[in-house]
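Listed here are the chains, written in short residue letters.
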Amino acid sequence: MFNALGNYFSERRRGLSKAAGYVGGAYFIGRYVSARLEDVRNSILQERAARENLRRRFEQNQQDISFTVMALLPTLGAHILQEMDVEGVTQELQSYSRASKERLEIQPPSVPSESSSVDHSRGQDTDIRSDNGSVSVISSNDGAATELSASSASWVDQVSSMQSSQVSQASVDSAGNDTTSTSPKSSVGADLSDSILTTSSMSSSAVPGPSNASSAPSAHLESLSPVTRSKAELWREVKMLTFTRTLTVIYSITLLSLFTHIQLSILGRAKYIQSLIQQERDERIRDQLEYSTSVYSLFWGDRSLEDIDTDILEESETVSEETERKFLTLSWWILHVGWKDVGERVRRGVEEVFEGVSLKTKLNAAELHRLINDVRRRVEHEVTFEGKERRINFLSTLLPPTAETLQHVLTQGGIPPWLATAHDPKFNAFLDETRTHLTSGSFDRVLEVCLDQAMEVLFQGVEKNVFGSHNEQGDLMMGQEPRERLAAMLPGLARWCHLALEGLPNELVDALADVREVSAFSAIIYTSYEGRFR
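Rules behind the numbers
- Residues numbered from 1 in each chain as written.
- Predicted model: local features only at pLDDT ≥ 70, side-chain atom pairs only at ≥ 80, totals over all residues.
- Heavy atoms only, no water.
- Helix = DSSP H or I, 4+ residues; strand = E, 2+ residues; numbered from the N terminus.
- Buried < 20%, exposed > 50% of the residue type's maximum accessible area, 1.4 Å probe, protein only.
- Contact = heavy atoms within 4.5 Å.
- Areas by Shrake-Rupley, 256 points an atom, 1.4 Å probe, with all protein chains shown as cover.
- Expected span 1.5 Å × (residues − 1).
- Arc of directions from axis to C-beta.
- Patch = residues over 30% accessible without salt bridge, like charges linked within 9 Å, V, L, I, M, F, W, Y side chains within 5 Å.
- Salt bridge = Lys/Arg side-chain N within 4 Å of Asp/Glu carboxyl O.
- Lys, Arg positive; Asp, Glu negative; His and termini not counted.
- Charge placed at Lys NZ, Arg CZ, Asp CG, Glu CD.
- Phe/Tyr/Trp six-rings, centres within 6.5 Å; stacked < 30°, edge-to-face > 60°.
- Lys NZ or Arg CZ within 6 Å of the ring centre and 35° of its normal.
- Core = buried A, V, L, I, M, F, W, Y, C linked by side-chain atoms within 4.5 Å.

Participant: Sorry, what's going on with the overall build of the chain here?
Facilitator: In terms of regular secondary structure, the chain is built from 24 helices and 6 strands. The buried share of the chain, reckoned over its 534 residues, is 40%. Contacts in the chain between residues far apart in sequence, at least 24 positions, make up 82% of those at least 6 positions apart. Total accessible area computed for the chain in this model is approximately 29,500 Å², and 55% of it derives from carbon and sulfur atoms.

Here is the structure:
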């Protein structure tokens, strides 16, 4: 029996050996494939975890950017609202109108001979009345200040009827100087406000007595101060300053938001690289612990934890708190200085575009959009010596141009002088990278898209609060877009500036953060590892 079995296997030993080889080979191949698949699975899981970690860090970085912009807005808003005080000029204009009404109510009848000359001089002026009933006085071609002359003559009549002939004569002489069109002072008086009588002077002149004669000439001299502006000048200043402040707010917030995106994206990338280096170090420590507890360590000894390349990389990528603080302090420049540069460019553009647009001009949303786009073109472009337009990069608005101004910014931002002047290679690398991004074509594209989005937010507010609340029945019946006088748009624009600077939640900041190009630009900066981990 055993011989038979032996013969059987002997006769078939070649086939059995082949079968055993096939089975053994299949087993080892299966083990190898299984191990490789496990490695691939672990690699996919690690890559997925790394991507999720990167995504989570990037989203957190975007949230930090929004919080940082909101934290910097009060400082920017305080400077803009203080320097471009539209409300102050509006109050001055309103007080001007109230003083004119009170003067007309209190003014006593004048002597016929003098009133006839006053009426003759008043006939040479043109009254410009706005929608709210305020009056603006424009001098005639011969330079006679008619409204000023009328108020001066009435003041002379009032004082002469109550005082002695000496005081009356002095008052008439002073009034004569004001009404003389050929004298040098008359041209100055033509540009002054017609509020020659203040409230205090009118109340004091209403009661006859010895003190009125001395107080009236002093009030008259104070009213001739060159600081006083005419109503036409005040209306022009309100118009120019309102549009200037509105566009300055848009440009400043947009530039501040993009600059903060660049800053925190660079710092976030550095923090992410540090976390990768620390993770690699932790893996080395874990591998060392596993090896030291295995049998192999008894024969081959302990392996060193040192990795020279990783240690050098960790040292070069480490960002100290002082460096991070210095880099974030660079935003002081746009908050205190850079926005003024933007404001000056905007002011020039607004004056060139809106100088010929009257306050009574009725505009629809499309026409206002065209005017503001014309201002944008003048602000965002400059003319070269060859007569061609080129786009500016706002580099001097966002970063100090010289080393001296850079040290001044760091010192003013709270950095100690010894630290501001110390050599910091990492800070210099961050600064150079920031300049590179600000002068790149990608930044120009992102800035243009963000400004378009900011203008869209502005016009949504204008159409809702200005055109939406004043829909004229005639325009609606004819199927035309609603129109509104330019003067009626100014209060809505002034209120929008406060909402853009002080609103919580801030619609403009949220709209800029939701722009797809901004997120893409931040992602490019955040993931620019320069092949160091590939």
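Participant: Can you walk me through helix 19 (residues 425-438) in this structure?
Facilitator: Residues spaced three or four apart along an α-helix face the same direction, because each turn holds 3.6 residues. The terminal C-alpha atoms of helix 19, which comprises 14 residues, lie 20 Å apart, in line with the 20 Å expected from a rise of 1.5 Å per residue. For helix 19, the complete set of buried residues consists of Lys-426, Phe-427, Phe-430, Leu-431, Glu-433, Thr-434, His-437 and Leu-438. Along the axis of helix 19, the buried positions cluster into a sector of 165°, meaning they face one direction only. What points out from helix 19, more than 90 degrees from its buried face, is the exposed set Pro-425 and Thr-436.

Participant: Teacher, can you tell me more about a nonpolar patch on the surface here?
Facilitator: Taken together, the side chains of Ile-29, Tyr-32, Val-33 and Leu-37 present a nonpolar region at the surface, about 420 Å² in accessible area. For Ile-29, the position within the fold is in helix 2 (residues 13-83). Its relative accessible area of 55% is what places Ile-29 among the exposed residues.

Participant: Whenever I open this one, a negative patch on the surface confuses me. Can you help?
Facilitator: Together, Asp-282, Glu-283, Asp-287 and Glu-290 line one region of the surface with negative charge. Tracing the backbone shows Asp-282 in helix 10 (residues 231-292). You can call Asp-282 partly exposed: its relative accessible area is 36%.

Participant: Explain the pattern of salt bridges here, please?
Facilitator: Side chains that differ in charge, positive against negative, can pair when their charged atoms come close. For the coordinates displayed, the defined rule picks out 23 salt bridges. Across the pair Glu-517 and Arg-516 runs a salt bridge, and its minimum N-O distance is 3.7 Å. A relative accessible area of 64% places Arg-516 in the exposed class. Through salt bridges with shared partners, a single ionic network connects Glu-352, Asp-374, Arg-377, Arg-378 and Glu-389.

Participant: I tried to follow the side chain of Ser-265 on my own but got confused; where do I start?
Facilitator: Relative to the assigned elements, Ser-265 resides in helix 10. Sequence-distant contacts of Ser-265, that is, excluding residues within four places in its chain, are made with Asn-61, Ile-65, Ser-522, Ile-525 and Tyr-526.

Participant: What exactly am I supposed to notice about the environment of Leu-406 here?
Facilitator: Inspection of the secondary structure assignment puts Leu-406 in helix 17 (residues 403-412). Residue Leu-406 is classed as buried on the basis of its relative accessible area, which comes to 14%. For the pair Leu-406 and Ala-420, spaced 14 residues apart in sequence, the C-alpha to C-alpha distance is 8.7 Å. In contact with Leu-406, other than residues within four places in its own chain, are Leu-330, Pro-400, Phe-427 and Leu-431.

Participant: Could you clarify how one ought to interpret the packing of aromatic side chains in this entry?
Facilitator: Between two aromatic rings, the relevant description is the distance of the centres plus the angle of the planes. Enumeration according to the criterion identifies 7 aromatic pairs in this entry. Aromatic side chains Tyr-272 and Tyr-526 sit 6.3 Å apart centroid to centroid with 35° between the ring planes, which places their arrangement in the tilted category. Of the two residues, Tyr-272 sits in helix 10 while Tyr-526 sits in helix 24 (residues 516-526), which places them 254 residues apart along the sequence. For the pair formed by Tyr-272 and Tyr-526, the shared burial category is buried. Here a set of aromatic residues connected by ring pairs shows up, and it is made of Phe-58, Tyr-272 and Tyr-526. Note that Lys-326 overlies the ring of Phe-427, its terminal NZ or CZ placed 4.7 Å from the centroid.

Participant: So what exactly am I meant to see when it comes to the nonpolar core here?
Facilitator: Looking at soluble globular proteins, one finds that nonpolar side chains tend to be buried together. Membership of the largest hydrophobic core comes to 97 residues, with the highest contact counts inside it found for Leu-247, Ile-253, Leu-330, Phe-354 and Trp-496. Examining the composition of this core, we find that 20 residues originate from one element, helix 10, more than from any other. Among residues more than four places away in sequence, those in contact with Leu-247 are Val-346, Val-350, Ile-372, Val-375 and Met-455. Counting residues in hydrophobic clusters, the runner-up holds 6 residues, among them Phe-58, Tyr-272, Ile-273 and Tyr-529.

By themselves these figures say nothing about function.
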